[in-house]
Amino acid sequence: MDKMSMPFMGLPNDAMRYGIKSLKHDASPNHPLETSLKKFDEEQLRLKYVTLSNIYGSHMPIRLEMEKHIVTKNSLRLAPLQSSNLGLDVLTRHDEDFGFEDFLCDARFSERAPVDLHTAMEKKFGIETSKMRF
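None of these values were measured; they are calculated from a predicted model.

(A) View of the overall build of the chain. The helix and strand inventory of the chain stands at 6 helices and 0 strands. When the helices and strands of the chain are placed in sequence order, the string is α-α-α-α-α-α. Looking at the chain as a whole, 6% of its 134 residues qualify as buried. Partitioning the intrachain contacts of the chain with sequence separation of at least 6 by distance along the chain shows that 33% fall at a separation of at least 24. About 13100 Å² of surface is accessible on the chain, with carbon and sulfur atoms providing 60% of the total.

(B) Here's a closer look at a nonpolar patch on the surface. Judged by side-chain polarity, Phe98, Phe100, Phe103 and Leu104 come together as a nonpolar surface patch covering roughly 520 Å² of accessible area. With respect to the helices, strands and loops of the structure, Leu104 is situated in helix α5 (residues 100-104).

(C) View of the packing of helix α2 (residues 32-56) against helix α3 (residues 59-73). Between α2 and α3, the shortest axis-to-axis distance is 7 Å and the interhelical angle comes to 130°. Classified by the interaxial angle, the pair formed by α2 and α3 is oblique. Touching Leu45, Lys48, Tyr49, Leu52, Ser53 and Tyr56 of α2 are His59, Met60, Pro61, Leu64, Glu65 and Lys68, all from α3. Of the residues belonging to the contact of α2 with α3, the class tally is 7 nonpolar, 2 polar and 3 charged.

(D) Structural context of the side chain of Lys68. With respect to the helices, strands and loops of the structure, Lys68 is situated in helix α3. When residues no more than four places from it in sequence are discounted, the contact partners of Lys68 are Leu45, Tyr49, Leu88, Leu91 and Thr92.

(E) Up close: the environment of His59. By the element assignment, His59 lies in helix α3. A polar atom in the side chain of His59 sits 3.5 Å from the backbone oxygen of Tyr56.

(F) Highlighting the confidence of the model for the chain. Model confidence for the chain is summarised by a mean pLDDT of 76, while 62% of its residues fall at 70 or above. Within the chain, α3 carries the highest mean pLDDT (91), whereas helix α1 (residues 15-18) carries the lowest (67).

(G) A look at the pattern of salt bridges. Under the criterion given, the structure shown has 3 salt bridges. A salt bridge links Arg46 to Glu43, with the nearest nitrogen and oxygen atoms 2.7 Å apart. Here Arg46 pairs with Glu43, and both are found in helix α2, just 3 residues apart, close to one helical turn. Overall, Arg46 belongs to the partly exposed group, its relative accessible area being 44%. One salt bridge connects Glu65 with Lys68, and the closest N-O pair in it is separated by 3.6 Å. Taken together, the residues span about one helical turn, with Glu65 and Lys68 both in helix α3 at a distance of 3 residues.

So, how was this worked out
Residues numbered from 1 in each chain as written. Predicted model: local features only at pLDDT ≥ 70, side-chain atom pairs only at ≥ 80, totals over all residues. Heavy atoms only, no water. Helix = DSSP H or I, 4+ residues; strand = E, 2+ residues; numbered from the N terminus. Buried < 20%, exposed > 50% of the residue type's maximum accessible area, 1.4 Å probe, protein only. Contact = heavy atoms within 4.5 Å. Areas by Shrake-Rupley, 256 points an atom, 1.4 Å probe, with all protein chains shown as cover. Patch = residues over 30% accessible without salt bridge, like charges linked within 9 Å, V, L, I, M, F, W, Y side chains within 5 Å. Salt bridge = Lys/Arg side-chain N within 4 Å of Asp/Glu carboxyl O. Axes fitted to C-alpha atoms, helices over the stretch in contact; angles between N-to-C directions. Parallel < 35°, antiparallel > 145°, perpendicular 65-115°, else oblique. Nonpolar A, V, L, I, M, F, W, Y, C, P; charged D, E, K, R; others polar. Polar contact = N/O pair within 3.5 Å; in protein donor to acceptor, adjacent residues only side chain to side chain. pLDDT = per-residue confidence, 0-100.

And the structure:
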């Protein structure tokens, strides 16, 4: 190897062929328990659907998935307000759980500045207030 050449650890990323490199896929979970908890919820849902299918027929899991889709799709919130998705929480029975997001997701402790409702709605509907004169 030449003293002037610089070795590199891997092949350079060809962004045009393979897309922009993201470290999200390369990162591993922080703790093995995190992976276990994610898989536990998915497994519980699968077992629930199998049980409902055996008891009520194959239409029941499909109906529950349709209800979830309807609840998540039809959000009647104004543009800057984030939806709490209470309907989805009720359908998935997460309304009975008390997790860290219940007490740590307070708007008073948010790092983002509060959004002006009127400005956000004008931006959503493409209204330019600078040209309007009253």
